[in-house]
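So the chains spell out like this:
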Amino acid sequence: MAVLSTNSVPGEPKQYSSTQVGTWLALIALIMTGLQYAGMLPALLHRLPENWIPPFAIWLDAAFNFIRTDLGLQKLTRWFAEGPLQFMLDTTANLLYGKKRWPRFEQIPWSAIAASAAVLGYYLGGWRLAALAGGTFVWTALIGQWKDAMETMSVLVVAAPMAFIIGIGLGIAAWKYVWVDRAIKPILSILQTLPFFTYLLPAVIFFKVGPTAGAVATIIYAIPPMILMTTLGLKKVSPEVVEAGKMSGSTRWQMLRHVYIPAARTEILVGVNQVIMLCLAMVVLTAFIGMPGLGAKLLAMMGSFKLGRSFEIGVTIVLLAVTLDRLSKAWVVKLPEHHEKGTPWWKRHIYLLVGLAAFVFFTVLGQFVEWFAEIGRRQSFSQGKEIDTAIKSFLAFDIVKGTTEQIRYVLNVWVLNPFRDFLLSIPTFGFILFVVAGALALGGKRSGIYAAIFFGLVALTGWWDRSVITLYSVISAVTLAMIIGLPVGVFASRSEAWSRRVLLICDTAQTFPSFIYLIPAIMLFGITATSVVMSILIFAMVPLVRYTIEGLRNVPPEMTEAADMSGATKMQKLWSVQLPLALPTMAVGFNQAIMFAFFMVIIAAFIGTQDLGQELQKTLAGTDLGKNFVLGICVSLMALTFDMAIMTWAEGKKRMLGL
C-alpha cells in the first residue's frame, strides 16, 4: 500500500496511507456537497467563476493559425493532399469503383475481387475462411452496395499501408533511441484517448473535405498500435538470437532486416491487424466530414430512420470487418512455408498463380457478361423495405412496445436523469476530490496527483458541466454493463464449450464498427437518453465479458484443487479463490470497458446528447480548431485518469499475487 509520508522517527508526523488520505478527501467532498444542498457553500466553490477560466481555445486558435498560415504548413499539406495523396486515392477509386479520373484505369469486376479474396482466404485459413472472404464480397455486390463499399475500401487500401509504414518506422526509432520512446509515449497515450471528432476537424482544415481528409484522419488514428506493437516485438527479441546474428557478421541494417524484424514478426503482424481494424472503424466515421462510402450511406439511412436499409449496410460493414480481421489474424499465425531445394517455381507459388488465374478469368468474363462486372440497383437483392416493414411490425407488438416503453421510463425517470442531476449538483472542487480519493485508493500517490491535475484542467476549460454529463453516460453504461456482463462471463467460464462460444461472440462483436451499436438502441428505445446509454452498454460489455472469462479460466488449477479438497462449495470457491485471483485480469477488462465507453459516448452524439460529443460535432461545421481541441482534451484527460488508476492497481495486485 502506498504511503504518503516516509518518516518513521518518534515525534515526527505519522505515516498515512493513500487509502486513508483518500477517505479524508472523500469526507471533505461530502461535506462540501452537503453545504451546497443547504445553500451555504460559496458560489466560487460550486463552479469556477467565468473570469477564472483561461481562454484556452483562443490561445490554441492563435497557435494553429500561426502554424497554418505564417509557417505555411497549410500550403504543404494542401500540396500533399492535392498531389501524391489525391493521385493514390484516384488510382484506387478507378480500380475499385470506376471513378472517372486520371489515371483512368478500368474498374475491376466485383466477381474478380470476390474470387481473388476466396483464394487468399483458402491460402491463409482453408475453406471456411475462403467462404467468408469470397462470400462477403458476393453479398456486398448482390445486395447493391458494391460502389459504397468500394468507396470505403479505396481509402482503406491507401490509409492502412501508410499507417503501417509510418508506425513501423516510428516503432523502430522508439526501440532504438530511449529519448524517442520517452517523447512518444505520452503523445500515444493522448492519441489513443482523443475522441475521433478531434481528428476530423484538423484533417478538414489542413487537407480539405472529402476522401483526402478522411484518409489523413484514418492514418493518424491507426498509427499508435503499430508503433506500440513494433516497439514491444523488437524489445522481446531474445539475446541468443541477437548474438547469433552478430556472430555471423551482420551489419546494423542486416541485423534489423534479417534478425530483429523476423523475430518480432508475430507482434508486428498483430499491429498490422490493429491498423486494419482501426482504419476500417475510422474510415466509416469520416462520413461526418464528407467521406463517401458505407459510413455516409449508413449515416443518411439512420438520419431518415430507414432501419431496414441501415440494417443491410450494417451487415455489410460487419462482414467486411470480420473478413479483414480473420484474414489478418490468419496471416499472424501462418508460418512461412519452406520448400525443398529444386522445387519448381510454380509449385512454390501455386496459390499466387491460382489467384491470378481466377482474377484474369472473371475479369475477362466481366467484359462479355455485364452481371459479372457490375450489379446495378435494379438487379440487386436488397430487401431494405421489407426488413424495415418487418422491424416496424415487430416493434409495434404490444408486448414489445410495452416492455421497451417501461424500460425507457424506469431508466430515464428513476435512474438516469436523477443520477445525472446528482452529479451536476456536486460542487466542482468536491467532484475533483471524489475523483482524487478514488485514484489514491486504487493507484496510490502518483495516480492521485495526476487525477487532481487532469480534472483540474478539465474544470479550467470552462466545459465542466458538459464533461460531467459525458462522465455520467460513461459511468451509467459501464455500471449496467457490469451488472449484465460479469454474470455472463462467470457463467461462461464454468464450461470450455461455453467459453469458446461466448469468446467467439466477443471476437465478432469487437470487429463491429461503432456505428452498428446505435441501430438496435434506436430501434428499441428511439432518440432518448436510454438509447444513448444502451448503445454504450453494448459496446462496453464486450471487454468485460472477455476478460472475466479469461481471468477465471486462467486461475492456477492447483488453487482450485486446493479449494475443492478443503470442501468449499462452488460459490465459496468462486468468491474466495477464483475471483480474487482473476481480479487483475478482470480489471484490464473493466479499464477497456471505460475506454470503449468514452469512445462510444462521442458516437452517441448522433442520437442527440448534451455532452462534449455534441459540442465536438458542432465544431465540424466551422473552423473552430481551438474549441475542438479543448473539448477533445477534456475527454482524453478524463479517460487517462481512469486508465492510469485502474492499470496501476492491476499491476500492483499482480505483483502481490505473484502472477
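The rules behind each value
Each chain has its residues counted from 1, following the order in which its sequence is written. Where totals are concerned, whole chains, interfaces and linings use all residues; where local detail is concerned, this predicted model gives features only for residues with pLDDT of at least 70, and gives and counts side-chain atom pairs only at 80 or more. Heavy atoms throughout the structure, all of them, feed into the side-chain values; hydrogens and water do not. For the domains described, the bounds stem from an automatic or database domain assignment. Any two residues having at least one pair of non-hydrogen atoms within 4.5 Å are treated as being in contact. What gets called buried area is simply the loss in accessible area from a 1.4 Å probe that two parts show on being joined, summed for both. Should a side-chain nitrogen of Lys or Arg be within 4 Å of a carboxyl oxygen of Asp or Glu, the pair is scored as a salt bridge. Among buried residues, the Ala, Val, Leu, Ile, Met, Phe, Trp, Tyr and Cys ones that are joined through side-chain atoms within 4.5 Å form a nonpolar core. Note on exposure labels: buried denotes an accessible area under 20% of the residue type's maximum, exposed denotes more than 50%, and partly exposed covers the range between, all computed with a 1.4 Å probe on protein chains only. In this text, helices come from DSSP runs of H or I with a minimum length of four residues, and strands from runs of E with a minimum of two, each type numbered from the N-terminal end. Residues are said to line a cavity or pocket when one of their atoms sits within 4 Å of a point; the points come from a 1 Å grid over protein atoms alone, cavities being sets where a 1.4 Å probe fits but cannot get out and pockets being open sets with protein on both sides within 12 Å along at least five of seven lines. Grid points are joined across faces, edges and corners, and a volume is the space filled by probe spheres set on the points. Side-chain classes follow a simple rule in which Ala, Val, Leu, Ile, Met, Phe, Trp, Tyr, Cys and Pro form the nonpolar group, Asp, Glu, Lys and Arg form the charged group, and the remainder, Gly included, forms the polar group. All axes are obtained by fitting lines to C-alpha atoms, using only the stretch in contact for helices, and the reported angles, taken between N-to-C directions, cover 0 to 180 degrees. For classification, angles of less than 35 degrees are called roughly parallel, those exceeding 145 degrees roughly antiparallel, those between 65 and 115 degrees roughly perpendicular, and all remaining angles oblique. The pLDDT value tells you how sure the predictor is about a given residue, anywhere from 0 up to 100. Planes of paired rings set the category: under 30 degrees apart is stacked, over 60 is edge-to-face and the rest tilted, where pairs are Phe, Tyr or Trp rings (Trp by its six-membered ring) whose centres lie within 6.5 Å. Placement of a positive charge over a ring is assigned whenever Lys NZ or Arg CZ falls within 6 Å of the ring centre and within 35 degrees of the normal to the ring plane.

Novice: Would you mind going over the domain arrangement of the protein with me for this structure?
Specialist: In many analyses, interface size is given as the accessible surface area lost on bringing the parts together. According to the domain assignment, the protein consists of domain 1 (16–46 + 430–461), domain 2 (110–142 + 304–336 + 343–373), domain 3 (148–292) and domain 4 (401–425 + 463–659). Just the C-alpha atoms count here: the centres of domain 3 and domain 4 sit 26 Å apart. Facing 19 residues of domain 3, the contacting portion of domain 4 comprises 24 residues. In total, domain 3 and domain 4 occlude about 1900 Å² of area from one another, counting both sides; carbon and sulfur atoms represent 85% of this. Broken down residue by residue, the surface that domain 3 buries against domain 4 is led by Thr193, Phe197 and Leu201, which jointly contribute 32%. If you look at where domain 3 meets domain 4, you find 0 salt bridges.

Novice: Teacher, can you tell me more about the nonpolar core here?
Specialist: Side chains of a nonpolar character, in soluble globular proteins, are inclined to be buried together. Of all hydrophobic cores here, the largest spans 172 residues; its most connected members are Met150, Phe196, Leu200, Phe431 and Phe515. Ranked by residues supplied to this core, first place goes to helix H7 (residues 146–176) with 15 residues. Setting aside residues up to four positions removed in sequence, Phe196 forms contacts with Met282, Leu285, Phe288, Phe599, Ile602 and Ile603. Formed by 10 residues, the second largest nonpolar core is a distinct cluster that contains Leu552, Val555, Ala563 and Leu579.

Novice: Got a minute to help me understand the layout of surface pockets in this structure?
Specialist: Over the atoms, a rolling probe the size of a water molecule traces out where space has been left empty. The computed volume of the second largest pocket comes to approximately 1000 Å³. Contributing to the lining of the second largest pocket are 34 residues, with Leu120, Val157, Ile276, Leu324 and Leu327 lying nearest its centre. Where the lining of the second largest pocket is concerned, the elements lending two or more residues are helix H5 (110–125), H7, helix H13 (265–285) and helix H15 (307–333). Residue classes in the lining of the second largest pocket are distributed as 28 nonpolar, 3 polar and 3 charged. Formed jointly, the lining of the second largest pocket draws a minimum of three residues from each of two domains, domain 2 (110–142 + 304–336 + 343–373) and domain 3 (148–292).

Novice: Sorry, what's going on with the packing of helix H19 (residues 398–425) against helix H25 (residues 529–553) here?
Specialist: When two helices pack together, their arrangement is given by the angle between their axes and by how far apart the axes lie. At their nearest, the axes of H19 and H25 sit 9 Å apart, and the two run at 95° to each other. Relative to H25, the element H19 lies roughly perpendicular. Taken together, the residues of H25 that come into contact with H19 (itself represented by Ile407, Arg408, Leu411, Asn412 and Leu416) are Ala529, Thr530, Val533 and Met534.

Novice: In this structure, what is going on with the confidence of the model for the protein? I would like to understand it.
Specialist: For residues with low pLDDT, the predicted coordinates do not support detailed interpretation. Across the protein, pLDDT averages 88, with 96% of residues at or above 70. Element-level mean pLDDT values for the protein span from 79 in helix H16 (residues 345–348) up to 96 in helix H21 (residues 445–460). pLDDT under 50 marks residues 1–8. Its contacts with residues more than four places away, or in other chains, come to 22 contacts.

Novice: Is there a simple way to explain the environment of Phe525 in this structure?
Specialist: One can find Phe525 in helix H24 (residues 518–525). In this structure Phe525 comes out as buried when scored by relative accessible area, which is 7%. Considering only alpha carbons, one finds Phe525 and Val478, 47 residues apart in sequence, at a separation of 18 Å. Residues within four places of Phe525 in sequence aside, it is in contact with Thr404, Ile407, Arg408, Thr530, Ser531 and Met534.

Novice: Hey, could you run me through the packing of helix H6 (residues 127–142) against H7 in this one?
Specialist: Packing of H6 against H7 brings their axes to within 7 Å, and their N-to-C directions diverge by 125°. Comparing the axis directions of H6 and H7 gives the class oblique. The segment H6 lies against H7, with Phe137, Thr140 and Ala141 engaging Trp146, Ala149 and Met150.

Novice: Just to check I follow, could you spell out the packing of aromatic side chains for this structure?
Specialist: The description of an aromatic ring pair uses the distance of the two centres, along with the angle that the planes make with each other. According to the stated counting rule, one finds 27 aromatic pairs in the structure shown. Centre to centre, the rings of Tyr123 and Tyr351 are 5.1 Å apart; their planes meet at 50°, and the pair counts as tilted. Residue Tyr123 is found in helix H5, and its partner Tyr351 is found in helix H17 (residues 350–368); the two are separated by 228 residues along the sequence. Taking 6.2 Å as the distance between ring centres and 50° as the angle between the ring planes, the aromatic pair formed by Phe598 and Phe642 counts as tilted. Here the residue Phe598 occupies a position in helix H27 (residues 570–603), and Phe642 occupies one in helix H29 (residues 625–657), the gap between them amounting to 44 residues. In this structure Phe598 comes out as buried when scored by relative accessible area, which is 2%. Through a chain of ring-to-ring contacts, three or more aromatic side chains come together here, namely Phe196, Phe197, Tyr199, Tyr221, Phe288, Tyr517, Phe539, Phe596 and Phe599. Taking the ring centre of Trp498 as reference, the NZ or CZ of Arg501 above it sits at 4.9 Å.

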